[in-house]
Amino acid sequence: MVWAIASEERTEEDAFYFAEALDLTMPVLYDEDGVVHEDWVTYSEVPAAAYPEEWIVGTDGVIVYHEGIYDYDAVVEVIEAELGG
């Protein structure tokens, strides 16, 4: 399952405009109070990391990938490995 999570640094309207502009097909969740962001930022090597960030949580619930620079090939490789492909 893939979700996009927009932090409180943007408005909900901005988040959905961005998702529409990129033609995203995944659900976009709005983290109005920044609770999800605060929970996950502690896992970041650079706490003030730039957005967007990619986080992949493995099938066992452990973070298997985190990056602040989008790398399509790396993301696909990690997902395929997790799915046994």
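All values reported here derive from a predicted model rather than from experimental measurement.

### Section: the confidence of the model for the protein chain
Across the protein chain, the average pLDDT comes to 79, with 85% of residues at 70 or higher. Least confident of the elements in the protein chain is helix 2 (residues 35–41), whose mean pLDDT is 77; most confident is helix 3 (residues 72–82), at 90.

### Re helix 3
Along helix 3, the residues classified as buried are Ala74, Val75 and Val78. Seen along its axis, helix 3 keeps its buried residues to an arc of 100 degrees; they face one direction. Of the residues in helix 3, the exposed ones pointing more than 90 degrees away from the buried face are Tyr72, Asp73 and Glu77. Residues of helix 3 that are buried sit in contact with strand 3 (54–57) and strand 4 (63–67). With its phi angle positive at about 80 degrees, Gly84 sits one or two positions after the end of helix 3.

### A few points about the pairing of strand 3
In strand 3, alternate side chains face the same way, and those of Glu54 and Ile56 are buried while those of Trp55 and Val57 on the opposite face are not. In terms of strand pairing, strand 3 meets strand 4 through 4 bridges, oriented antiparallel. Bridging from a neighbouring strand, Glu54 pairs with Glu67 of strand 4. The antiparallel pairing of strand 3 with strand 4 creates a hairpin that spans 5 residues between the two strands, and Gly61 there sits at a positive phi of about 90 degrees.

Definitions and limits used
Residues numbered from 1 in each chain as written. Predicted model: local features only at pLDDT ≥ 70, side-chain atom pairs only at ≥ 80, totals over all residues. Heavy atoms only, no water. pLDDT = per-residue confidence, 0-100. Helix = DSSP H or I, 4+ residues; strand = E, 2+ residues; numbered from the N terminus. Buried < 20%, exposed > 50% of the residue type's maximum accessible area, 1.4 Å probe, protein only. Arc of directions from axis to C-beta. Contact = heavy atoms within 4.5 Å. Pairing = 2+ DSSP bridges.

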